[in-house]
Amino acid sequence: MSQLLRIKCPSCGQVVDIQASGAPCTKCKTPLILPEEGVLQLYRMGNPLGMAVGFGVYLNDIPMGHLANAESIRIPVGYGHYKVTFSQGMSRKCQAAEVDITPENRFAYVKVHIKPGFFTNTLVAEQTTADQMPPL
Ligand SMILES: [Zn+2]
């Protein structure tokens, strides 16, 4: 998986993947300071159909870029409650995962998979455990 950390630039709103806190935004060059309280790790389970489309990633309905097939990303976050949802193309049909980042629970893991439907597919996000994440 990627060692990069995803963050939304507070200045210009660009979603960027950076290696360490303090790295500049790729768009406006603002130094990006990562929250250090917790980390959300998201994993898109591999799909044998090899869906080429990236899933849109949303934290509390705020767009956080995309997630490729079988990709995993980490998003540093502050303490709080997070609703994690995904989109596929124009479809926002997704069963949300709700997670809490607290001083006792600083890491949360969410995996997402496609549940095929008759007309449209639904994405299912669910909270899971570290051992369900792909190896580093
Ligand atoms: Zn920026």
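The coordinates are above.
Cut-offs applied
- Residues numbered from 1 in each chain as written.
- Predicted model: local features only at pLDDT ≥ 70, side-chain atom pairs only at ≥ 80, totals over all residues.
- Heavy atoms only, no water.
- Donors = N, O, S within 2.8 Å, 3.2 Å for Na, K, Ca; no water.
- Tetrahedral: all angles 85-135°; square planar, octahedral: opposite > 155°, others 65-115°.
- Helix = DSSP H or I, 4+ residues; strand = E, 2+ residues; numbered from the N terminus.
- Buried < 20%, exposed > 50% of the residue type's maximum accessible area, 1.4 Å probe, protein only.
- Pairing = 2+ DSSP bridges.
- Axes fitted to C-alpha atoms, helices over the stretch in contact; angles between N-to-C directions.

**Notes on the coordination of the zinc ion**
No. 1: For the zinc ion, the protein coordination sphere consists of C9 (SG), C12 (SG), C25 (SG) and C28 (SG), at 2.3 Å.
No. 2: Taken together, the four donor atoms coordinating the zinc ion span angles of 106 to 113° at the metal, a pattern that classifies the geometry as tetrahedral.
No. 3: Taken in chain order, the donor set of the zinc ion reads C-x2-C-x12-C-x2-C. A residue pair is termed long-range when its members are at least 10 positions apart, and C9 in the loop between β1 (5–8) and β2 (15–18) and C28 in the loop between β2 and β3 (38–44) qualify at 19 residues.
No. 4: Residue classification places C9 among the buried residues on the basis of a relative accessible area of 2%.
No. 5: Of the residues examined, C28 reaches a relative accessible area of 30% and is grouped as partly exposed.

**Some remarks on the sheet that holds strand β5 (residues 62–67)**
No. 1: Strand order in the open sheet made by the four strands is β5-β4-β7-β9, with antiparallel pairing throughout. Both outer strands of the open sheet, β5 and β9 (97–101), are each paired with one neighbouring strand and no more. Between one strand and the next, the sheet's axes are offset by a mean angle of 30°, whatever the strand orientation.
No. 2: Sheet analysis places strand β7 (residues 80–88) next to β9, joined by five bridges and oriented antiparallel. Within β9, the residue paired with G80 across the bridge is I101.

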